[in-house]
Amino acid sequence: MEENDPIIAEIPVHLVETQRGKLHLIQYPLRPSYRPMPTAPQKARLKPQNRILQLDYDGRLSAQNYDRDAEEYLQQRYLRLQSSQVKEQSNYAIGVLRQGQLHLTPLHSVLQMRPSLLHIDNAVEEELSDEEKEMVDDTQVKQVQFEFKKKHGERSMKALQNSYQHKKQQINAERWKDLSIFEQSNEHTLDEFENFFSEREDTIVSELSPSEYLHALKYRHANVKIDEKPIESIQNASTLSQRVLQALQTDRISTFSRICAIFSDQSAEEIAQTLLEVAIAVRGRLFPKCLDEKAHIQNVILQNFDRRRAISREILNEKYDLDPDEAKECLKEIASLDPKTRSWSLKLERDDTLSNDFPEISRQLAEMLI
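Residues numbered from 1 in each chain as written. Predicted model: local features only at pLDDT ≥ 70, side-chain atom pairs only at ≥ 80, totals over all residues. Heavy atoms only, no water.

Going by an unreviewed UniProt entry, the protein carries the name DNA-directed RNA polymerase III subunit RPC5 and comes from Albugo candida.

What follows is the structure, encoded as structure tokens:
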């Protein structure tokens, strides 16, 4: 700590657990801050498992924008907004300062509200005549074709579960839960606000080491659990191996020159030897060894980059039966998409310093993909 930058205050932090899993942040991306919704919603309903929220507002608040000559199904008496969940990129909390103490309540999700046009789709379906619908005549003899399908593998079953149709069925199967709406100045609202404060003075004991705690604060992806600990293949957090691994995990893709610049207090030979424990090399780039459930996807992608400079996500998914969302997420971390050819190429310029100075180590790193 520099002498000209002293600590002027220490603020006790209280973690509020009573509202965990109940607190949602609602955003209105289509409405600027200077033009919020004019009134509170009239109705609200929630599908908690799928984290879908619907809010109904009076649709006739603005007489000049309400078309009374429109078709009946378009003359909605309410404006319905439906949420879409924002992919979590970090661990969020709501913080309130009171009497010199900071009270933190974990945020369960971030929901963005946009107009729902489902009533138009429903009206169109209702207008379909019986002649336009496929009718099956039970009295008519038809040829029946049998089809035998092989049992889905684990990866194909996971891809099926992540399909749009499957997710839509899950959403439709969950029942709506009606919510009560309270104004900001309502007595019940003020009582609920008190739940964002904790009077407990217990010391929070963490099982994480300082390095693991810092790792947990990093931006995370939606498929990473909040309580997931970082890779612990290197036991001693103070070793060069652990430090290099953390640098690679943070950047996802790096080069030997960049790693040497970060750890300038170490010799290039020491760093090169360390890479054998924690890294994989492909086309002059370095990647962290992956030991979790994403290892298979990363290895498949890197193997294809090892064979060719650019790859297609569609071909990857078809050839290797990868989860489409996870494959795309992995590609976005290490590669860039060409909008014209729709092909992916590795980020960063190729760096052959490692192969030139330490050819044997470079060869061993490349063979780790085989």
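1. So, the packing of aromatic side chains
Our working definition: Note on ring pairs: Phe, Tyr and Trp rings are taken, using the six-membered ring of Trp, and paired if centres are within 6.5 Å. Classes follow the plane angle, with under 30 degrees stacked, over 60 edge-to-face and the rest tilted. In this analysis the charged atom, NZ for Lys or CZ for Arg, is taken to sit over a ring once it is within 6 Å of the ring centre and within 35 degrees of the ring normal.
Throughout the structure, instances matching the rule amount to three aromatic pairs. Aromatic side chains F193 and F197 sit 5.3 Å apart centroid to centroid with 80° between the ring planes, which places their arrangement in the edge-to-face category. Ring pairing ties together the aromatic residues F193, F196 and F197, which thus form one cluster. For the cation-ring pair, R98 lies above F197, with the distance from its terminal atom to the ring centre recorded as 3.6 Å.

2. Points about the pattern of salt bridges
Our working rule: The term salt bridge refers to a pairing of a side-chain nitrogen on Lys or Arg with a carboxyl oxygen on Asp or Glu at a separation within 4 Å. Helix and strand definitions here come from DSSP, where helices need a minimum of 4 consecutive H or I residues and strands a minimum of 2 consecutive E residues; each element is numbered from the N-terminal end. Accessibility here uses a 1.4 Å probe with only protein chains present; expressed as a share of the type maximum, an area under 20% marks a residue as buried, one over 50% as exposed, and anything in between as partly exposed.
Taken as a whole and judged by the stated rule, the model has 10 salt bridges. For the salt bridge of D56 with R80, the shortest nitrogen-to-oxygen distance reads 2.9 Å. Here D56, found in strand β4 (residues 52-58), pairs with R80, found in strand β5 (residues 78-85); they are 24 residues apart in sequence, far enough to count as distant. Residue D56 is classed as buried on the basis of its relative accessible area, which comes to 5%. Judged by relative accessible area, which is 23%, R80 ranks as partly exposed. The residue R363 makes a salt bridge to E360 at a minimum N-O spacing of 2.2 Å. Pair noted here: R363 and E360 are both in helix α13 (residues 359-367), with a separation of three residues, about one helical turn.

3. Description of the sheet that holds strand β12 (residues 310-311)
Our working definition: At least two bridges found by DSSP between two strands are what make those strands a pair. The contact criterion used is simple: two residues touch if any of their non-hydrogen atoms lie within 4.5 Å. Lines fitted to C-alpha atoms define the axes here, with helix axes fitted over just the stretch in contact, and angles between the N-to-C directions of these axes take values from 0 to 180 degrees.
Spatial ordering of the open sheet is given by β12-β14-β13, a layout of three strands whose pairing is antiparallel. Two strands lie at the open edges of the sheet, namely β12 and β13 (335-338), each paired on one side alone. On top of the sheet, helix α11 (residues 324-334) reaches β12, β13 and β14 (343-346); it is set at about 100° to β13, its chief contact.

4. What about the environment of K87?
Which entries qualify depends on this criterion: Two N or O atoms count as a polar contact when they lie within 3.5 Å, although within protein this holds only if one can serve as hydrogen donor and the other as acceptor, and sequence-adjacent residues are included solely when both atoms are side-chain atoms.
In this structure, K87 sits in the loop between β5 and β6 (93-98). In sequence terms K87 and S109 are 22 residues apart; their C-alpha atoms lie 8.6 Å from each other. Polar contacts involving the side chain of K87 include one to the side chain of E329, which spans 2.9 Å.

5. Observations concerning the pairing of strand β8 (residues 109-115)
The element β8 is extensively covered by neighbouring structure, given that five of its seven residues are classed as buried. With four bridges connecting them, strand β2 (residues 24-27) and β8 associate as parallel partners. Directly across from L25, in β8, lies its bridge partner V110.

6. Brief notes about the confidence of the model for the protein
Keep in mind that low pLDDT regions are not for reading the predicted coordinates in detail. Selection criterion: As a per-residue measure, pLDDT reflects the predictor's confidence and takes values from 0 up to 100.
With 75% of its residues at a pLDDT of 70 or more, the protein shows a mean pLDDT of 79. Overall, residues 219-237 carries pLDDT values under 50, and its contacts beyond four positions in sequence, including any with other chains, amount to 37 contacts.

7. Describing the environment of M368
Mapped onto the elements, M368 comes out in the segment after α13. Judged by relative accessible area, which is 31%, M368 ranks as partly exposed. Residues within four places of M368 in sequence aside, it is in contact with L276, A279 and K289.

8. Details of the pairing of β6
Here β6 runs beside strand β7 (residues 101-106); their pairing, made up of six bridges, is antiparallel. Each residue of the ladder has a partner; that of L97, found in β7, is L102. Here β6 folds back onto β7 in antiparallel fashion, the turn holding two residues, of which Q99 has a positive phi close to 50°.

9. Topic: the sheet that holds β6
If you trace the three strands from one edge of the open sheet to the other, you get β1-β7-β6, paired in mixed fashion. The sheet is open, and its two edges are formed by β1 (13-15) and β6, each paired on a single side. When the angles between neighbouring strand axes are averaged without regard to direction, this sheet yields 25°.

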